[in-house]
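# Residue-level structural notes
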Amino acid sequence: MAFKTDIQIADEATMLPIEEVAAKIGLEKDDLENYGKYKAKISWDAIKKIDEKNEYGKLILVSAISPTPAGEGKSTVSIGLTQGLNRIGKKSAVALREPSLGPVFGVKGGAAGGGYSQVVPMEDINLHFTGDLHAMTAANNLISACIDNHIHQGNALRIDCRQITWKRVLDMNDRSLRNVVISLGKKADGFPREDHFMITVASEIMAVLCLSENIEDLKNRIARMIIGYNLDGEPVTVADLEIQGAVAMLLKDALKPNMVQTLENTPAFIHGGPFANIAHGCNSILATKLALNTSDYAVTEAGFGADLGAEKFMDIKCRMAGLSPDAVVIVATIKALKMHGGVDKKELKTENVEALEKGFANLRRHVENIKKFGVPAIIAINRFADDTEAEIAKLEELCKELGVRISLCECFAKGGEGAEDLAKQVVELIDEDSANFKPLYDENDSITDKVNTIVTEIYRGRQAKFTTAAKKQVKKLEELGLDKLPICVAKTQFSFTDDKNIMGAPTDFDIEIQDVRVSAGAGFIVVQTSNIMVMPGLPKVPAANKMDIDNDGVITGLF
Ligand SMILES: Nc1ncnc2c1ncn2[C@@H]1O[C@H](COP(=O)(O)OP(=O)(O)O)[C@@H](O)[C@H]1O
Ligand SMILES: O=COP(=O)(O)O
């Protein structure tokens, strides 16, 4: 049978009008604001009506082991699991992040799942969707424009041009914009200064949108965002620029969660899209609560491995939103475990049981870590075509020794049918009612203690080593009373360490902290480790090179 690409499978799908999908979870036509036949935003009236019902389903997080550059299938398994749950008669909805154009045209591709476990219409979702990323880019850059205009118009706030922390953004991987000089030209062009671009999904605007519960909350968070410091070293906020209303206005539609459907016509909320290495990596609270309030089993995911997305889901999102997860699915792949066992990325399709056994230490550590949050875990082996029976048998044997449930998931190749066993086991795990969620640390601990708790308990390093500059930044936040907030570590996704090349489950290492800044609007402290980029670059051969569209609008190469 000829191998069908993700987009071929998606294009062959028979989608239902979005109203019919919404009706499956009790949403009515008037609750929807349509963006064509197959996409809709949920209206504020509907969000309020659903929230007042106060009926919560069970919350399932899908996480993963430390990934290869292609990813291990969290979105795919999340979609497969929600399809599987619906197939066994459980009312389930999935809440996922929306894709950034950076990875779409770079290495990773889109974020609409894969094979027979996708959300559709995948071209729309992976490209402009409902315009949320464009709105966030505009909102962020309105602030930048107003900062430089304020300086140009006389700088009444005495902004210290050497301490502007706010960056411009673009939703694209463009290394050339990492460090720029703006306002070159004549006097009328403003005051020249160094500036920097981040990718939109790394911005505080994205984080604020994902953590806000309504427009008022959004506007208050925007108002608190710190854009830099004045000549006396005092923080300057968006409210000082008096533009929080304008910025919130630009996000009035982006704040509303989007609804689409899976290939099996089950409901999917797609909203917010921060990466988990340079940001907090979770979709919005609003979308997650919609899924929870309208279904019995809400499936959601957090980016990259459990050391990043899951830790931030627990310590930032759940803490802030008062959510208590009932189970965690840890996605493991034989290819990634072989990589952690020392196999070169180019050799991952070759059978290697010995390397698999060695790399299993990475999975074992992630399973141990999830238990520290008081939430039961199940391992989902996301089966790839090249996985051999010997490798699968070895992995199942090793997992059984861990004493946690395991399910061989074939949802990529078979859709929901390939995740029915996972679905049944997740329901059984939740029925055991063993979840007793607690965050990893107290946000009232010192910044140093909170970071060291994450480094020692989750990454299993010796300690966090703060550079002199980072120590000064910590002291400043303590003086400003902005230190009693959760931590968002910006770190490579490929390793438990801050070195992307160190695989497996290393110990005896330190994590160097180079930069500490507060996202006062989002309500967390970003702790940046060495070599992490907030504006990724494109690879030697971008995915863009393999994409095309014909005169009938048929797209190829998008995945
Ligand atoms: N079992 C599988 N077999 C083949 N390709 C897969 C499988 N699972 C996922 N993929 C592909 O791998 C890539 C990453 O999957 P995705 O679900 O986006 O991972 P994550 O969400 O963890 O980044 C996608 O292109 C997807 O189509
Ligand atoms: O933030 C990263 O997300 P993925 O793991 O889905 O690539």
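On a predicted model such as this, the values are computed, not experimentally measured, just so you know. (Residues numbered from 1 in each chain as written. Chains lettered and ligands numbered in written order. Predicted model: local features only at pLDDT ≥ 70, side-chain atom pairs only at ≥ 80, totals over all residues. Heavy atoms only, no water.)

### Considerations on the sheet that holds strand β23 (residues 524-529)
- Judged by pairing direction, the sheet is mixed, and its four strands sit side by side in the order β20-β22-β23-β21 without closing on themselves. Looking along the sheet, the strands with just one partner apiece sit at the ends: β20 (463-466) and β21 (487-490). On average, each strand axis in the sheet is tilted by 40° relative to the strand beside it, whichever way the strands run.
- In the packing of helix α12 (residues 306-321) onto the sheet, the strands contacted are β21 and β23, and the crossing angle to β21 comes to about 155°.
- Against the sheet, helix α19 (residues 468-479) makes contact with β20, β22 (510-519) and β23, and its axis sits at roughly 35° relative to β22, the strand it touches most. (Pairing = 2+ DSSP bridges. Helix = DSSP H or I, 4+ residues; strand = E, 2+ residues; numbered from the N terminus. Axes fitted to C-alpha atoms, helices over the stretch in contact; angles between N-to-C directions. Contact = heavy atoms within 4.5 Å.)

### Re the packing of aromatic side chains
- Inspection of the entire model under this criterion finds zero aromatic pairs.
- Above the plane of the ring of Y229 lies K476, whose end atom (NZ or CZ) is 4.8 Å from the centre.
- The ring of Y459 is capped by K491, whose NZ or CZ atom sits 4.8 Å from the centre of that ring. (Phe/Tyr/Trp six-rings, centres within 6.5 Å; stacked < 30°, edge-to-face > 60°. Lys NZ or Arg CZ within 6 Å of the ring centre and 35° of its normal.)

### So, the site of ligand 2
- Taken together, the residues surrounding ligand 2 are K74, R97, K108, F275, A276, G303 and F304.
- The contact in question runs from an oxygen atom of ligand 2 to an N or O atom on the backbone of F304, over 2.6 Å.
- When ligand 2 is considered free in solution it has 240 Å² of accessible area, and contact with the protein chains removes 88% of it.
- Residues that form the shell around ligand 2 fall into these classes: three nonpolar, one polar and three charged. (Near = heavy atom within 4 Å. Polar contact = N/O pair within 3.5 Å; in protein donor to acceptor, adjacent residues only side chain to side chain. Areas by Shrake-Rupley, 256 points an atom, 1.4 Å probe, with all protein chains shown as cover. Nonpolar A, V, L, I, M, F, W, Y, C, P; charged D, E, K, R; others polar.)

### Section: helix α7 (residues 132-152)
- Across its 21 residues, α7 extends 30 Å between first and last C-alpha, which sits within 8% of the 30 Å expected from 1.5 Å per residue.
- In the stretch just after α7, G154 is the one whose phi turns positive, near 125°. (Expected span 1.5 Å × (residues − 1).)

### Some points on the side chain of R168
- Among the secondary structure elements, R168 is positioned in strand β8 (residues 168-170).
- Looking at R168, the relative accessible area reads 16%, which means it is buried.
- A distance of 2.6 Å separates a polar atom in the side chain of R168 from a polar atom in the side chain of D195.
- With near-sequence residues (within four places) excluded, R168 lies in contact with N140, N141, S144, A145, D148, I182, R193, D195, H196, F197 and M198. (Buried < 20%, exposed > 50% of the residue type's maximum accessible area, 1.4 Å probe, protein only.)

### Quick look at empty space enclosed by the protein
- Scanning the entire structure with this criterion turns up one cavity of 30 Å³ or more.
- Put simply, the largest cavity is a space of about 80 Å³.
- E98, P99, L101, I125, L127, H128, F129, G131, D132, L133, H134 and D171 together form the lining of the largest cavity.
- Per-element accounting of the lining of the largest cavity gives the leading share, three residues, to α7.
- Across the lining of the largest cavity, the residue classes break down as six nonpolar, three polar and three charged. (1 Å grid on protein atoms, 1.4 Å probe; cavity = no way out; pocket = protein on both sides within 12 Å on 5 of 7 lines; lining within 4 Å. Points joined across faces, edges and corners; volume = space filled by probe spheres on them.)

### Details of the side chain of K289
- Along the chain, the position of K289 falls in helix α11 (residues 285-294).
- Residue classification places K289 among the buried positions, given a relative accessible area of 12%.
- K289 has contacts with Y56, E213, A321 and L323, leaving out every residue within four places of it along the chain.

### Here's the deal with the layout of surface pockets
- Taken as a whole, the second largest pocket spans an internal volume of roughly 1,100 Å³.
- The wall of the second largest pocket is formed by 44 residues, among which I164, T165, K167, D515 and R517 lie closest to the centre.
- Elements represented by at least two residues in the lining of the second largest pocket include exactly β7 (159-164), β10 (193-195), β11 (197-199), α8 (204-211), β12 (226-230), α19, β22 and β23.
- Residue contributions to the lining of the second largest pocket peak at six residues, all from β22.
- Partitioned by chemical class, the residues of the lining of the second largest pocket number 22 nonpolar, 11 polar and 11 charged.

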